[in-house]
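Examination of the molecular architecture
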Amino acid sequence: MEYLHINGGRELNGSVNVHGAKNSVLPILAATLLVDGVCEIKNCPHLSDVDVTIDILRHLGAVVAFDEDVITVDSTQITDCRIPEGMMKELRSSIIFLGALAARMGNACLYLPGGCDIGLRPIDLHLKGLQALGYATTTDGNNICAESVSPRGTEIVLPFPSVGATENIILASVLTPGTTTIINAAREPEIEDLARFLNSAGARIRGALTTVIQIDGVESLHSTAHTVIPDRILATTLMSAVAATGGDVFLNNVSPTQLMPTLPAFQEMGVTVFVGKSTVRTTGNGRLRRVKSIDTRPYPGFPTDAQAPVMAALTVARGTSVIKENIFENRFRHVSQLSLFGADITVKDRIAIVNGVRHLYGTEARCTDLRGGAAVVIAALIADGESVIRDIGHIDRGYENLEYRLSLLDADVKRICNEEK
């Protein structure tokens, strides 16, 4: 069993590249099912979630190759319309295959998806969107099936700007006759990236990054190449680590515009941030100041995925910070692990009150989920002494070789394999 060994208390200095966005590459890979030809997807990170997605594509009949950071997918011969339990339970985003596979094959059956246990992520918005497009959906409590009955473009109003539902509706409507309009659509940059990929293959999608997205159905999609956007959550995670430990770090291959929702929090902490065309320089300036209030919101609000890493930094800030989690009701599971380092955090319902302490101390802790795992790593980087971080498989779902990137910044982090554990 692998774990991380971290000697904390070191400043981070240097330069590091930000890999492609996990939350972009997964729906884009699902979208390759719609393409009658070969897709070349560049700037793809090596993540366990990406590996599972590739396994699903191969199971369905696609030919997939992964070389360096380029994934090539040939979906010309898709032979199956069912995704079994073992694959679906590996990641929650596998639900995105429902719209793409049903549109490609006329029907699809998926086992209920898995992923991090960070709260309820109901799929009713996905199903209602497909139903509005003319798909009949059924579920037996374990499997979800969608069958194309009378597909047609329509107007769909989302009661909440769900990222997954917006993506699934886009994928299901690209090849559907007529015009589909999604009102109150999610505005995340990863949705715009999905639309750019599909448009490069011949789709007609307008309005991505706005609350109203229109899709004019086309008869087919053709071969294309696409470069995935940088991972804004990785960038925020690394900025949180620098803010808390001090130092001076350049992040390369970033999109500063996509980081704007988090930058005010770092400025309130007293961190100096210089923004370039595709770089962000973060400089720590002594002990952090508290952040009065952080509320997670759909984009362009503060991202829920950044909540845990920023919380870890605030554990050593001067004063009391208040964080309200509005997206997932169970996304404070990492708090118990941060407390092992000596953090002073009180949680009531969806609000966390973080009373900054002068020091954290090395300990043994575990990763509770993907972003919570990143928070635990940041706490270990801050802490005086040695820490052991277990259950790091959660981190590998969304961060490519995180310990290597931190080592490039002078952190003392080692991945250790202990088969006895």
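Details of the structure are given in the entry above.
Since the model is a prediction, treat every value here as computed from it, not as a measurement.

1. Overview of the overall build of the protein chain
- Within the protein chain, the secondary structure is distributed over 15 helices and 24 strands.
- Against the compact-globule benchmark of 22 Å for 421 residues, the protein chain has a radius of gyration of 21 Å, which places it among compact chains.
- A principal-axis box enclosing the C-alpha atoms of the protein chain has dimensions of 65 × 45 × 45 Å.
- Out of the 421 residues in the protein chain, the part that is buried amounts to 56%.
- Sequence-distant contacts in the protein chain: of pairs separated by 6 or more residues, those separated by 24 or more amount to 72%.
- Distance between charge centroids for the protein chain: 7 Å, based on 38 positive and 47 negative side chains.

2. Here's the deal with the pattern of salt bridges
- Counted according to the given criterion, the structure contains 18 salt bridges.
- Note that R204 is salt-bridged to D216, the shortest N-O span being 3.7 Å. You can see R204 sitting in strand β12 (residues 204-206) and its partner D216 sitting in strand β13 (residues 212-216), a full 12 residues away along the chain.
- In this structure, R415 and D396 form a salt bridge, with 2.8 Å as the shortest nitrogen-oxygen distance. Of this pair, R415 sits in strand β24 (residues 412-417) while D396 sits in helix α14 (residues 393-396), and the two are 19 residues apart along the sequence.
- Within this structure, E2, D396, E403 and R415 form a network of salt bridges that share partners.

3. A word on the packing of aromatic side chains
- The final tally for this structure, using the stated rule, is zero aromatic pairs.
- Over the face of the ring belonging to Y3 we find R390, whose NZ or CZ atom lies 4.8 Å from the ring centre.

4. Digging into helix α1 (residues 22-31)
- Counting buried positions along α1 gives nine out of 10 residues, so the element sits mostly inside the fold.
- For α1, the set of buried residues is K22, S24, V25, L26, P27, I28, L29, A30 and A31.

5. As for the pairing of strand β4 (residues 63-67)
- Two strands pair when backbone bridges link them, and β4 and strand β5 (residues 70-74) are joined in this way by five bridges, in the antiparallel orientation. Within β5, the position partnered with V64 by the bridge is V73.
- Counting the residues between successive antiparallel strands, the hairpin from β4 to β5 contains two residues, one of them, E68, with a positive phi of roughly 55°.

Procedures and definitions
- Along each chain, residue indices are assigned from 1 in the same order as the chain's sequence is written.
- Only residues with pLDDT of 70 or above have their local features reported here, since the model is predicted, and side-chain atom pairs are shown and tallied only from 80 upward, although totals for entire chains, interfaces and linings are computed over all residues.
- Side-chain measures were taken over the full set of non-hydrogen atoms in the model, leaving aside hydrogen atoms and water.
- Note on conventions: DSSP H or I runs of at least 4 residues are helices, E runs of at least 2 residues are strands, and numbering of each starts at the N terminus.
- When we talk radius of gyration, it's over C-alpha atoms, and the globule rule is simply 2.2 Å times the number of residues to the 0.38.
- Working definition: with a 1.4 Å probe on protein chains only, accessible area under 20% of the residue-type maximum means buried, over 50% means exposed, and in between means partly exposed.
- The contact definition used throughout considers only heavy atoms, calling two residues in contact when any of these lie within 4.5 Å.
- Only four residue types enter the charge count: Lys and Arg as positive, Asp and Glu as negative, with His and the chain ends excluded.
- Here the site of a charge means atom NZ of a Lys, CZ of an Arg, CG of an Asp or CD of a Glu.
- We count a salt bridge whenever a side-chain nitrogen from Lys or Arg sits within 4 Å of a carboxyl oxygen from Asp or Glu.
- Side-chain rings of Phe, Tyr and Trp (the six-membered ring for Trp) are treated as a pair once their centres are within 6.5 Å; stacked means planes under 30 degrees apart, edge-to-face means over 60, and tilted covers the remaining angles.
- Any Lys NZ or Arg CZ found within 6 Å of a ring centre and within 35 degrees of that ring's normal is scored as a charge over the ring.
- In this analysis, strands are considered paired if DSSP registers two or more bridges between them.

Honestly, it's all geometry; don't read function into it.
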